[in-house]
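Observations on chain architecture
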Amino acid sequence: MRVQLQKHLFRTTSVVIVLAALACVVYSLSLPMGTLARPGAGMWPFLVSCAMGIAALVTLVTEKDSSAYEPLSKRTWIIVVGFALMAAFVVAFQIVGLTLSCLALTVVWLRWMAKESWKVTISLSVGLTALFVIGFGVLLGVPMPDDVVLNLILGKGF
């Protein structure tokens, strides 16, 4: 029974991804779309959801067997944990801003999930966080929620 389940699990996964993509498309349509020249809040989620759904549909239609897929194991749950971490990042981003949420996500991801050394974890986490804060917040001027860390650095308090 387990072997039979393993054999067809890739189809179930594709169906789940298609359904998730459809849900994301529906949600993104509730946001302002804008135009390609001036995208609204719903444009990128819509495009990414469509691409995700199309890729899953192609996989569902073209794949004939599961021989190219890694079998399920205890390590497979790391994917679920990764999605949970991304959801936690979104919540933390809205509460404490980009700096702290990005730093926490990259530290947990690199140290616990990727099993990197502390030296690599700290240097990459600080570097990526700085890159995102400077790139999106400063250079591109993307509107962000209040950032606890930046407010402390700039002397604005909490």
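Here the structure is a predicted model, which means the values were calculated and not measured.

1. Here we look at unusual backbone geometry
The phi torsion of most residues other than glycine is negative, and most of the peptide bonds are trans. Of note in the backbone geometry, lysine 115 takes a positive phi value of approximately 60° without being a glycine. For lysine 115, the position within the fold is in the loop between α4 (98-113) and α5 (118-139). Here lysine 115 falls in the exposed class, since its relative accessible area comes to 57%.

2. Observations concerning the side chain of serine 28
Along the chain, the position of serine 28 falls in helix α1 (residues 2-29). Since its relative accessible area comes to 0%, serine 28 is described here as buried.

3. Concerning the nonpolar core
The biggest cluster of nonpolar side chains holds eight residues, and these are Ile78, Leu85, Phe89, Leu98, Cys102, Leu105, Met113 and Val133. Contributing elements (two or more residues each) for this core: α3 (77-96) and α4. Element by element, the count of residues in this core is highest for α4, at four residues. Those residues in contact with leucine 85 that lie beyond four places of it in its chain are Leu105, Val108, Trp109 and Met113.

4. Side note on the environment of alanine 55
If you trace the backbone, alanine 55 turns up in helix α2 (residues 43-62). For the pair alanine 55 and isoleucine 17, spaced 38 residues apart in the sequence, the C-alpha separation amounts to 9.2 Å.

5. Details of the packing of α3 against α4
Relative orientation of the contacting elements α3 and α4 amounts to 165°, with a least axis distance of 8 Å. With respect to each other, α3 and α4 are oriented roughly antiparallel. Considering the relative orientation of α3 and α4, their crossing is right-handed. Contacts between α3 and α4 involve Ile78, Val81, Gly82, Leu85, Met86, Phe89, Ala92, Phe93 and Val96 on the former and, on the latter, Leu98, Leu100, Ser101, Cys102, Leu105, Val108, Trp109, Trp112 and Met113.

Here is what the cut-offs are and how they apply
- Residues numbered from 1 in each chain as written.
- Predicted model: local features only at pLDDT ≥ 70, side-chain atom pairs only at ≥ 80, totals over all residues.
- Heavy atoms only, no water.
- Helix = DSSP H or I, 4+ residues; strand = E, 2+ residues; numbered from the N terminus.
- Buried < 20%, exposed > 50% of the residue type's maximum accessible area, 1.4 Å probe, protein only.
- Core = buried A, V, L, I, M, F, W, Y, C linked by side-chain atoms within 4.5 Å.
- Contact = heavy atoms within 4.5 Å.
- Axes fitted to C-alpha atoms, helices over the stretch in contact; angles between N-to-C directions.
- Parallel < 35°, antiparallel > 145°, perpendicular 65-115°, else oblique.
- Left-handed = near helix turned anticlockwise from the far one by under 90°.

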